[in-house]
Amino acid sequence: MKNFVLATLLLFSVTLSAQETINWMTIEEVEEASEVSPRPVFIDVYTDWCGWCKKMDKDTFQNEKIAKYVNENFYAVKFDAEQKDSVVFQGHTFKFVPKGKRGYHELAAALLNGKMSYPNIVYLDKDLKMIQPIAGYMAAKQFEEIIHFIAGEHYKDTPFDEFKKGFVSQL
């Protein structure tokens, strides 16, 4: 019986570790990777204290089908909007700005057009040019629609509402 329990626990842990997860990168790593193999980018701008950010991490980003699609079609970045480390992106150094109780990072402010709300997903095209930030929590199905819309470059010629009508979820 003891061996059965150990074998079951081992199988369960192997199954969990085999689950696909999003390959998170730094913004600097994305910039380097994009020079070799351009892809669209999504940047999860979050804070440590944001409850909806944590919920999106758990409910959306840990969905195996979402992770698989993201890894195949995007470079993904998690960016703490209150991190203290300077970041160099597109030849510009962005720094932390102490303000109030927490402060903010200049890159987060630039990506969010100064509208600091979390979670916020910023989409960049293959040339690392801003497509659009989208604020707020998104469940897996809602996020799935958007990443297919962006990865397929439908945003260039199709209104999102029109795209959604023909979209078939894989979740």
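Above this text sits the structure in question.
Residues numbered from 1 in each chain as written. Predicted model: local features only at pLDDT ≥ 70, side-chain atom pairs only at ≥ 80, totals over all residues. Heavy atoms only, no water.

Enquirer: I would appreciate a short explanation of the layout of surface pockets in the present structure.
Expert: Gaps left between atoms are located by rolling a probe of water-molecule size over the structure's atoms. Its volume calculated, the largest pocket comes out at about 170 Å³. Looking at the largest pocket, the residues that line it are Ile 131, Gln 132, Ile 134, Gln 142, Glu 145, Ile 146, Phe 149, Ile 150, Tyr 155, Phe 160 and Lys 164. Contributing elements (two or more residues each) for the lining of the largest pocket: strand E9 (130–135), helix H6 (140–151) and helix H7 (160–166). Sorting elements by how many residues they give to the lining of the largest pocket places H6 first, with 5 residues. In terms of residue class, the lining of the largest pocket is built from 7 nonpolar, 2 polar and 2 charged. (1 Å grid on protein atoms, 1.4 Å probe; cavity = no way out; pocket = protein on both sides within 12 Å on 5 of 7 lines; lining within 4 Å. Points joined across faces, edges and corners; volume = space filled by probe spheres on them. Helix = DSSP H or I, 4+ residues; strand = E, 2+ residues; numbered from the N terminus. Nonpolar A, V, L, I, M, F, W, Y, C, P; charged D, E, K, R; others polar.)

Enquirer: Looking at this structure, I do not really get helix H4 (residues 64–73). What am I missing?
Expert: Because the α-helix completes a turn every 3.6 residues, residues three or four places apart line up on one side. Along H4, the positions that sit buried rather than exposed are Ile 66, Ala 67, Tyr 69, Val 70 and Asn 71. Those residues of H4 that are buried are in contact with strand E2 (41–46), helix H3 (51–61), strand E3 (75–80) and H6. Between the side-chain oxygen of the N-cap and the backbone nitrogen of Lys 65 there are 2.9 Å, and the N-cap of H4 in question is Asn 63. (Buried < 20%, exposed > 50% of the residue type's maximum accessible area, 1.4 Å probe, protein only. Contact = heavy atoms within 4.5 Å. Polar contact = N/O pair within 3.5 Å; in protein donor to acceptor, adjacent residues only side chain to side chain.)

Enquirer: Would you explain the side chain of His 148 in this entry?
Expert: Along the chain, His 148 falls in helix H6. Since its relative accessible area comes to 18%, His 148 is described here as buried. His 148 has contacts with Tyr 69, His 154, Phe 163 and Phe 167, leaving out every residue within four places of it along the chain.

Enquirer: Honestly, the nonpolar core in this entry has me stumped. Any pointers?
Expert: Generally speaking, soluble globular proteins have nonpolar side chains that are buried together. Core analysis: the largest hydrophobic core is formed by 24 residues, its most contacted members being Val 41, Ile 43, Val 45 and Leu 107. Taken together, the elements giving at least two residues each to this core come down to helix H2 (27–36), E2, E3, strand E4 (87–89), helix H5 (106–111) and strand E8 (120–124). If we skip the residues at most four places from it in the chain, Val 41 touches Val 30, Phe 74, Tyr 75, Val 77, Val 122, Tyr 123, Leu 124 and Leu 128. (Core = buried A, V, L, I, M, F, W, Y, C linked by side-chain atoms within 4.5 Å.)

Enquirer: How should I be thinking about the state of the cysteines in this particular structure?
Expert: One way to say it: the disulfide is the covalent bond shared by the sulfur atoms of two cysteines. Going through the model one piece at a time under the given rule, you end up with 1 disulfide. Paired through a disulfide, Cys 50 and Cys 53 show a sulfur-sulfur distance of 2.3 Å. Every disulfide takes its handedness from the sign of the S-S torsion; for Cys 50 and Cys 53 that torsion is 85°, giving right-handed. The buried category is assigned to Cys 50, whose relative accessible area is 4%. (Disulfide = S-S within 2.5 Å.)

In short, shape yes, function no, at least from these values alone.
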